[in-house]
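Remarks on the overall topology
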Amino acid sequence: MTLIKRVGKALAVIVVVLAVSGFAGHQYVNHVEKQRSVVTLAKHPKKVLFFYRDDCPDCQAIFHQIYWHNAINHNIVLINMNQPQNRHYIQKYQLTSVPTLIHGKQRYSGTNQQRIKQIVGD
């Protein structure tokens, strides 16, 4: 077998492994997004609060960005508002729409990437 064929096969294996890994990672993040855990914010002082709904297209558009930022920095609390026991935060934080990010006195509702980065600390 020539060197070119061996390198070609190695590259093909790498591409397949990366594709499968990427797909599995994407599916896992989608799974996390659909979880409807009850969140107690007293356990998470000084973190960025990310209020979303798993059936909201705008929330879905930014969820992966938020998730991966949090996987690295561990500074975001994901709060799915489709969990009935999380809905008391609507009044507490005067939420009018999702997605909403709150960090201290900073607050942003929307999908603008630059504003999200400002809130989460990128």
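Our subject in this report is the structure included herewith. (Residues numbered from 1 in each chain as written. Predicted model: local features only at pLDDT ≥ 70, side-chain atom pairs only at ≥ 80, totals over all residues. Heavy atoms only, no water.)

**Some points on the side chain of Q83**
If you trace the backbone, Q83 turns up in the loop between β2 (76-80) and α3 (88-92). You can call Q83 buried: its relative accessible area is 12%. In this structure the side chain of Q83 is engaged in a polar contact, spanning 3.0 Å, whose partner is the backbone nitrogen of Q85. (Helix = DSSP H or I, 4+ residues; strand = E, 2+ residues; numbered from the N terminus. Buried < 20%, exposed > 50% of the residue type's maximum accessible area, 1.4 Å probe, protein only. Polar contact = N/O pair within 3.5 Å; in protein donor to acceptor, adjacent residues only side chain to side chain.)

**Notes on unusual backbone geometry**
Cis rather than trans, the peptide bond between V98 and P99 has omega equal to 0 degrees. Its identity is not glycine, yet Q94 carries a phi of approximately 50 degrees, on the positive side. Here Q94 shows up in the loop between α3 and β3 (100-103).

**Some details on the pairing of strand β4 (residues 106-109)**
Here β3 runs beside β4; their pairing, made up of 4 bridges, is antiparallel. Pairing of I102 across the sheet is with R107, part of β4. The antiparallel pairing of β3 with β4 creates a hairpin that spans 2 residues between the two strands, and G104 there sits at a positive phi of about 65 degrees. (Pairing = 2+ DSSP bridges.)

**Points about the sheet that holds β4**
Pairing is mixed across the open sheet formed by 4 strands, whose spatial order is β2-β1-β3-β4. Of all the strands in the sheet, the pair left with one neighbour each is β2 and β4. Neighbour-to-neighbour, the strand axes of the sheet open up by a mean angle of 15 degrees, direction not taken into account. Two strands pair when backbone bridges link them, and strand β1 (residues 48-52) and β3 are joined in this way by 3 bridges, in the antiparallel orientation. Within β3, the position partnered with L49 by the bridge is I102. Relative to the sheet, helix α2 (residues 57-73) contacts β1, β2 and β3, its axis offset from that of β2 by approximately 145 degrees. (Axes fitted to C-alpha atoms, helices over the stretch in contact; angles between N-to-C directions. Contact = heavy atoms within 4.5 Å.)

**Topic: the packing of aromatic side chains**
Within this structure, the stated rule accounts for 8 aromatic pairs. When the ring of F51 is compared with that of Y89, the centres are 6.2 Å apart and the planes differ by 55 degrees; the resulting orientation is tilted. Taken as a pair, F51 in strand β1 and Y89 in helix α3 lie far apart in primary sequence, 38 residues in all. Each member of the pair, F51 as well as Y89, carries the same accessibility label: buried. Here a set of aromatic residues connected by ring pairs shows up, and it is made of F50, Y52, F63, Y67 and W68. (Phe/Tyr/Trp six-rings, centres within 6.5 Å; stacked < 30°, edge-to-face > 60°.)

**A short note on the pairing of β1**
The buried fraction of β1 amounts to 5 of the 5 residues, a majority that puts the element mostly inside the structure. Burial along β1 is two-sided: the face carrying V48, F50 and Y52 and the face carrying L49 and F51 are both buried. Between the parallel pair β1 and β2, the chain is carried across by α2, and the sense of this crossover is right-handed. (Right-handed = clockwise from strand over helix to strand, strands pointing away.)

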